[in-house]
Amino acid sequence: MPRMEPRRDKESEFRELGREKANPENKRGRVLDSLRHIFGGNRSAETYLSESVLEKLTPIWDTTIVPVLMAEFGAEASLNVIFYAGSVPGQLIMEIWDPRYADRKPSQVFKLGGLADYETRRLPQERSKATIMSLEDWNSSFPI
């Protein structure tokens, strides 16, 4: 005898979808979770980004950073990133490049300001001393 599937309530599914679209905090939370995965995790003390740095990156990641990376390197690129302290107190510099084309394509440099000094204190002051990290799933929250 065939099993009867429960009826799906299309109206409640539609309402839930509408709430997600109407509530940008849901998307912001997903982007923040993605950034935690990309930049958090099992990183060393010198490369670990604080939660407040990730929160500052969240509103600009999908709208500013990912489109630049996609235009410059393509959606499928495996990218490297370094973080180091800027010359201005409370400034973080994030430099991203495609290691396959390091000699042919310039890196993309993003400066994030307005951070507390303690958030950048553990980062190297010199670019050459920054730890190179691989960006994994860097465009996972961005619709391709």
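Every value quoted in this text rests on a predicted model; they were computed, and no experiment measured them.

Trainee: Help me out: how do you make sense of the sheet that holds strand S1 (residues 79–85) in this one?
Mentor: Strands in a sheet are paired, the pairing made by backbone hydrogen bonds, and the direction either parallel or antiparallel. With antiparallel pairing, the 4 strands of this open sheet are ordered in space as S3-S2-S1-S4. The open sheet has two edge strands with one neighbour each: strand S3 (108–112) and strand S4 (133–135). On average, each strand axis in the sheet is inclined to that of its neighbour by 30°, with strand direction left out of account. By the bridge criterion, 6 bridges tie S1 to strand S2 (residues 92–97) in an arrangement that is antiparallel. Bridging across to S2, Tyr84 finds its partner in Ile93. Against the sheet, helix H3 (residues 51–73) contacts S1, S2 and S3, and its axis sits at roughly 160° relative to S3.

Trainee: Whenever I open this one, the confidence of the model for the protein confuses me. Can you help?
Mentor: One rule of thumb: low pLDDT means the predicted coordinates there are not for detailed reading. Confidence in the prediction of the protein, expressed as mean pLDDT, is 74, and 64% of residues score 70 or more. Taken element by element, the predicted model of the protein shows its lowest mean pLDDT in helix H1 (residues 10–22) (46) and its highest in S3 (94). Confidence drops under a pLDDT of 50 for residues 8–24, and excluding neighbours within four residues, the segment shows 4 contacts in the predicted structure.

Trainee: What exactly am I supposed to notice about the environment of Glu72 here?
Mentor: Inspection of the secondary structure puts Glu72 in helix H3. The spacing of Glu72 and Trp97 is 25 residues in sequence and 9.2 Å in space, taken between C-alpha atoms. Setting aside its immediate chain neighbours within four residues, Glu72 contacts Lys105, Pro106 and Gln108.

Trainee: Quick question: what am I supposed to make of the environment of Asp33 here?
Mentor: Looking at the secondary structure, you find Asp33 in helix H2 (residues 24–39). Overall, Asp33 belongs to the partly exposed group, its relative accessible area being 45%. On a C-alpha basis, the gap between Asp33 and Leu54 in space is 9.3 Å, while along the polypeptide they are 21 residues apart.

Trainee: Teacher, can you tell me more about H3 here?
Mentor: Helical periodicity: at 3.6 residues per turn, an α-helix aligns residues three or four positions apart in one direction. Counted at 1.5 Å a residue, the expected span for H3 with its 23 residues is 33 Å, but the 27 Å between its end C-alpha atoms falls short. Bending of H3 peaks at approximately 75° at the position of Trp61. Of the positions making up H3, those classed as buried are Val53, Leu54, Leu57, Thr58, Trp61, Asp62, Ile65, Val66, Leu69, Met70 and Phe73. Positioned one or two residues after H3, Gly74 has a phi angle of 90°, which is positive.

Criteria and thresholds
Residues numbered from 1 in each chain as written. Predicted model: local features only at pLDDT ≥ 70, side-chain atom pairs only at ≥ 80, totals over all residues. Heavy atoms only, no water. Pairing = 2+ DSSP bridges. Helix = DSSP H or I, 4+ residues; strand = E, 2+ residues; numbered from the N terminus. Axes fitted to C-alpha atoms, helices over the stretch in contact; angles between N-to-C directions. Contact = heavy atoms within 4.5 Å. pLDDT = per-residue confidence, 0-100. Buried < 20%, exposed > 50% of the residue type's maximum accessible area, 1.4 Å probe, protein only. Expected span 1.5 Å × (residues − 1). Bend = angle between axes of the 7 residues up to and from the residue.

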